Amino acid sequence: MNKLFTGLAIGQLVEQGKLTYEDPLAKFLPDFPDPESAKKIKIKHLLSHTSGLAREGSPIGSSAIDHPTTVKAMVEAFERKPLLFDPGTKHAYSNIGFVLLGRVIEIATGQDYYDYVEKNVFARADAPSAGFPLLPKDGVPVVPMAYPYESDLDSENRLSFQSQLGKGGRRGSPAGNSIVSALDLIKLSNAMKAGRIVKPETFRLHSSGKPELSSPNYGYGIIAGPYLG
């Protein structure tokens, strides 16, 4: 769900005049994935999954890069793949796009993405459990949290569950895997609706579909149409 909060952080910066939804990615990252594509991709395309970027961009879980723990390192690890389509012509889910938005936040503010979101999004809702703890490669988590797990059948064909803690990314990213308690998630929901994170008109913009970008059921980081019926 962290795409929602990355999007709201972008909305704050638009309200402050530090960027616009029409800004090209090239303004912040002039050569990602290549100079010509970076000029075509706009902030609004990244927010609505209409950038043309691939869904995933690097072997985040591989030992070769030892789980990047900064947004800058995640971006640097991405494979530079050609766009799948011209920005704004199709909707295709892209985690790369939201990690890039996190890097845009860092460049626009001069602050670490994680610090910015914790201070300017989570804190506005008084949600102290929300954050991005550095997870261990193995063992016990550093904060109270549900273990990520996968199910499988054991040797006797019984369903079992194996913890995946530390086997994926070591830290959440602008695209997902932040950690929050259920009660603080309710606080965040209430704060969004009350206009304490972004202005009500900004929240309405983010939570509305974008048919003009070929994304009628997804806004800016928020599903805006039917989901699972």
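Residues numbered from 1 in each chain as written. Predicted model: local features only at pLDDT ≥ 70, side-chain atom pairs only at ≥ 80, totals over all residues. Heavy atoms only, no water.

1. Observations concerning the overall build of the protein
Defined as follows: Here a helix means four or more residues in a row that DSSP labels H or I, a strand means two or more in a row labelled E, and each is numbered from the N terminus. Type-normalised accessible area, obtained with a 1.4 Å probe on protein chains alone, sets the label of each residue: buried when under 20%, exposed when over 50%, and partly exposed for intermediate values. We call two residues in contact when some of their heavy atoms are within 4.5 Å. Only four residue types enter the tally: Lys and Arg on the positive side, Asp and Glu on the negative side, with His and both chain ends excluded. The atom standing in for a charge is NZ when the residue is Lys, CZ when it is Arg, CG when it is Asp and CD when it is Glu.
Scanning the protein from terminus to terminus reveals 8 helices and 2 strands. The secondary structure elements of the protein, listed N-terminal to C-terminal, are α-α-α-α-α-α-β-β-α-α. Along the first, second and third principal axes, the C-alpha set of the protein runs to 55 × 40 × 40 Å. Burial status across the protein gives 46% buried among its 229 residues. Counted over contacts in the protein with a minimum sequence separation of 6, partners at least 24 positions apart contribute 65%. Side-chain charges in the protein split into 26 positive and 24 negative, and the spacing between the mean points of these groups amounts to 5 Å.

2. A few points about the side chain of His49
Put simply, the test is: Whenever two N or O atoms come within 3.5 Å, that pair is a polar contact, provided that in protein one can donate a hydrogen and the other can accept it, and provided that, for residues adjacent in sequence, both atoms are side-chain atoms.
Inspection of the secondary structure assignment puts His49 in the loop between α3 (43-47) and α4 (71-77). Given the relative accessible area of 1%, His49 is considered buried. At 3.0 Å, the side chain of His49 forms a polar contact with the backbone nitrogen of Ser94. A polar contact is formed between the side chain of His49 and the side chain of Tyr218, at a distance of 3.2 Å. Sequence-distant contacts of His49, that is, excluding residues within four places in its chain, are made with Lys3, Lys90, His91, Ala92, Tyr93, Ser94, Phe98 and Tyr218.

3. Describing the environment of Glu106
As for its position among the elements, Glu106 is in helix α5 (residues 95-109). Overall, Glu106 belongs to the buried group, its relative accessible area being 10%. Separated by 74 residues in the primary sequence, Glu106 and Val180 place their C-alpha atoms 22 Å from one another. When residues no more than four places from it in sequence are discounted, the contact partners of Glu106 are Val71, Lys72, Gln111, Asp112 and Tyr113. For Glu106, the side chain forms a polar contact with the side chain of Arg103, separated by 2.8 Å.

4. So, the confidence of the model for the protein
Note the threshold: What pLDDT expresses is the predictor's confidence in each residue, scored from 0 to 100.
Averaged over every residue, the pLDDT of the protein is 90; residues scoring 70 or more account for 93%. With pLDDT under 50 throughout, residues 59-65 is counted as low confidence; its partners more than four residues away or in other chains account for 9 contacts.

5. Some details on the pattern of salt bridges
Threshold: Here a salt bridge means any side-chain nitrogen of Lys or Arg lying within 4 Å of a carboxyl oxygen belonging to Asp or Glu.
Following the criterion strictly, the structure yields 11 salt bridges and no others. Here the salt bridges share partners, and the residues they tie into one network are Glu22, Lys42 and Lys44.

6. So, a nonpolar patch on the surface
Condition: Patch membership is restricted to residues that have no salt bridge and whose relative accessible area is over 30%. Joining uses 9 Å for like charges and 5 Å for the nonpolar side chains Val, Leu, Ile, Met, Phe, Trp and Tyr. In this description, accessible areas are obtained by the Shrake-Rupley approach with a 1.4 Å probe, and a residue is regarded as covered only by the protein chains that are shown.
A cluster of nonpolar side chains, Tyr149, Leu153, Leu159 and Phe161, forms an exposed patch at the surface whose accessible area comes to about 470 Å². Contributing elements (two or more residues each) for the nonpolar patch: β1 (149-153) and β2 (159-163). Note that Phe161 resides in strand β2.

7. Description of the packing of aromatic side chains
How we decide: Centres within 6.5 Å make a pair out of two Phe, Tyr or Trp rings, where for Trp the six-membered ring is used; the pair is then stacked when the planes are under 30 degrees apart, edge-to-face when over 60, and tilted otherwise. As a reminder, the over-ring test applies to NZ of lysine and CZ of arginine, requiring each to be within 6 Å of the ring centre and within 35 degrees of the ring normal.
Evaluated as defined, the whole model comprises 7 aromatic pairs. Taken together, a centroid distance of 5.5 Å and an interplanar angle of 75 degrees make the contact between Tyr113 and Tyr114 edge-to-face. A single burial state applies to Tyr113 and to Tyr114, both of which are buried. Here the aromatic residues Phe5, Tyr113, Tyr114, Phe122 and Phe132 are joined through ring pairs into a cluster of three or more. The ring of Tyr114 has Arg171 sitting right over it, with the charged end atom 3.8 Å from the ring centre.

8. Quick word on helix α1 (residues 2-15)
The line we're drawing: For a helix, the expected span equals 1.5 Å multiplied by the residue count minus one.
The end-to-end C-alpha distance of α1, which contains 14 residues, comes to 20 Å, matching closely the 20 Å that a straight helix rising 1.5 Å per residue would cover. Counting buried positions along α1 gives 12 out of 14 residues, so the element sits mostly inside the fold. Among all positions in α1, only Asn2, Lys3, Leu4, Phe5, Thr6, Gly7, Leu8, Ala9, Ile10, Gly11, Gln12 and Leu13 are buried. Where the residues of α1 are buried, they touch α3, α5, α6 (113-122), α7 (182-193) and α8 (200-206).

9. Some remarks on the packing of α1 against α7
Basically, it comes down to this: Axis definition: a line fit to C-alpha positions, over the contact stretch in the case of helices; interaxial angles, taken between N-to-C directions, run 0 to 180 degrees. It is the rotation of the near helix from the far one that decides the hand of a crossing: anticlockwise by less than a right angle makes it left-handed, clockwise makes it right-handed. Side-chain classes follow a simple rule in which Ala, Val, Leu, Ile, Met, Phe, Trp, Tyr, Cys and Pro form the nonpolar group, Asp, Glu, Lys and Arg form the charged group, and the remainder, Gly included, forms the polar group.
The contact between α1 and α7 brings their axes to 13 Å, and the two run at 35 degrees. At the point where α1 passes α7, the crossing takes the left-handed sense. For the pair α1 and α7, contact is made by Leu4, Phe5 and Leu8 and by Leu185, Leu188 and Met192, respectively. Of the residues contributing to the contact of α1 with α7, the split by class is 6 nonpolar, no polar and no charged.

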